[in-house]
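The primary structure of each chain is shown beneath.
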Amino acid sequence: MLFFPTRPLSFRSSFHFPHQFCSKTITSTTTTATMHSSVSPSRESHKVSSSGEAAISVEEWQGWGTTSPIPAMVTQVVDDLKLLQKDSDADMIFGGNHGKLSGDFKVQEDKKHRATYQSLGDSETKLQFFSARQIACRVLGSRGYLCQKCWLPSEDCMCSKLISCPLWHRVRFWLYMHPKDFLRQNNTGKLLWQVFGIQAATLCLYGIAEHEEMMGGALKLAGKDKVWCLYPNKNAPAKSVKDSMAELSFSHVECPPETTDGGHSLNFILIDGTWSNSGAMFSRLKDRYELMWGDELPCIMLNTGASLMHKLREDRNHHGIAHVQQQRQ
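In this text, all values refer to a predicted model and were calculated from it rather than measured experimentally. (Residues numbered from 1 in each chain as written. Predicted model: local features only at pLDDT ≥ 70, side-chain atom pairs only at ≥ 80, totals over all residues. Heavy atoms only, no water.)

## Concerning the pairing of strand β5 (residues 201–205)
Right, so step 1: The buried fraction of β5 is high, at 5 of 5 residues.
Right, so step 2: Here β5 shows no split at all, with A201, L203 and L205 on one side and T202 and C204 on the other all buried.
Right, so step 3: In the sheet, strand β4 (residues 171–177) pairs with β5 via 5 bridges, with the strands oriented parallel. Along β5, the bridge assignment pairs Y176 with C204.
Right, so step 4: In this fold, the crossover linking β4 to β5 by way of helix α6 (residues 191–196) has right-handed handedness. (Buried < 20%, exposed > 50% of the residue type's maximum accessible area, 1.4 Å probe, protein only. Helix = DSSP H or I, 4+ residues; strand = E, 2+ residues; numbered from the N terminus. Pairing = 2+ DSSP bridges. Right-handed = clockwise from strand over helix to strand, strands pointing away.)

Below you can see the structure in the form of structure tokens.
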């Protein structure tokens, strides 16, 4: 599934999974209203002292929705930020709705991180550094402002409005998220583990080695016939959910959860990023799948035609061009 940071994506499917997939329906009607019809008030600037406050604990890291230990490169970025703060004698200040670095420290940090990025020898290390820096700054800049569970300002927390829904034990979602969507207040992908739980819907951050290795290991255990990516791949025929499931054996459908290991799970990779970022993310998934199994990553679509969201964007752009042309005439 491709999640867009600008709006939620809703869909309907005529295919029905076995009843074990979900034991009850989410019926809360107040959640949407709670997700703010108005813009949240701007956060106050958050200052990080040089006395060790910047360190990220395992408890804090996992509180944001991940099951992994703190990634090594994220820890390294935080240590570098603390060292720069000490050497430059400038305050590490985060401000704005997205908790970005600001002030004199931002100017100095920009110079340093650009120099570090250029000094890295290969594209893989550069990607890992880029992702770790984005994530480290977002965690530090969101402290004391965002609720760790719903990623909304604490005063707008919607956790009490969410209704949990146990997922069928053979299904596992992997939310493959771009670092620029991590801790975004209007991100909708986070709803997966908020509703289904972090074991049924696991966060995997793009460019974070520990996360991608964790997902790769689980997919390898499941086997190539139990892995799909929900993505509109234009270079290969994409199947519908119904057609993909029709080829699958459900011999273990009635197995109780305690007797079902990862080898029996159905794994769905859902890409969480903008259209521009999702292309690189999908390409990375394809390369890793091909390296693992020597085959094309199977894709499924919720509708057999072009993406509904993509149609809407094309129509909007078309009308926009026509409007400009009319104005020029």
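## Looking at the environment of L191
Right, so step 1: Position of L191 relative to the elements: it lies in helix α6.
Right, so step 2: Residue contacts for L191: discarding those within four places in its chain leaves M158 and L162. (Contact = heavy atoms within 4.5 Å.)

## Quick notes on unusual backbone geometry
Right, so step 1: Phi is positive for W151, close to 65 degrees, though the residue is something other than glycine.
Right, so step 2: Its place among the elements puts W151 in the loop between α5 (123–142) and β4.
Right, so step 3: Judged by relative accessible area, which is 0%, W151 ranks as buried.
Right, so step 4: Even without a glycine there, the phi angle at L183 is positive, about 65 degrees.
Right, so step 5: Within the secondary structure, L183 sits in the loop between β4 and α6.
Right, so step 6: In this structure L183 comes out as buried when scored by relative accessible area, which is 5%.

## Observations regarding the sheet that holds strand β9 (residues 299–301)
Right, so step 1: Read across the sheet, 6 strands follow the order β5-β4-β8-β6-β9-β7 without closing on themselves; strand pairing throughout is parallel. This sheet does not close on itself; its edge strands, each paired only once, are β5 and β7 (239–240).
Right, so step 2: Pairing between strand β6 (residues 227–230) and β9: 2 bridges, direction parallel. From the neighbouring strand, L230 faces β9, where its bridge partner is I300.
Right, so step 3: Relative to strand β8 (residues 266–272), helix α9 (residues 275–293) is tilted by about 150 degrees, and along the sheet it contacts β4, β6, β8 and β9. (Axes fitted to C-alpha atoms, helices over the stretch in contact; angles between N-to-C directions.)

## Observations concerning the pattern of salt bridges
Right, so step 1: Taken as a whole, this structure holds 11 salt bridges when the rule is applied.
Right, so step 2: When the shortest N-O distance is used, the salt bridge between E212 and R284 registers 2.8 Å. Separated by 72 residues along the polypeptide, E212 in helix α7 (residues 209–222) and R284 in helix α9 bring together distant segments of the chain. For the pair shown, E212 and R284 are each scored as buried. (Salt bridge = Lys/Arg side-chain N within 4 Å of Asp/Glu carboxyl O.)

## Regarding the packing of helix α3 (residues 72–88) against α5
Right, so step 1: Orientation of α3 relative to α5, taken along the N-to-C sense of each, is 65 degrees, at an axis distance of 8 Å. Helix-helix and strand crossings are classified by hand; for α3 and α5 the assignment is right-handed. For the pair formed by α3 and α5, the contact residues are M73, V74, V77, V78 and L81 on the first element and Q128, F129, A132, R133, I135, A136, C137 and L140 on the second.
Right, so step 2: Residue composition of the contact of α3 with α5, by class: 11 nonpolar, 1 polar and 1 charged. (Left-handed = near helix turned anticlockwise from the far one by under 90°. Nonpolar A, V, L, I, M, F, W, Y, C, P; charged D, E, K, R; others polar.)

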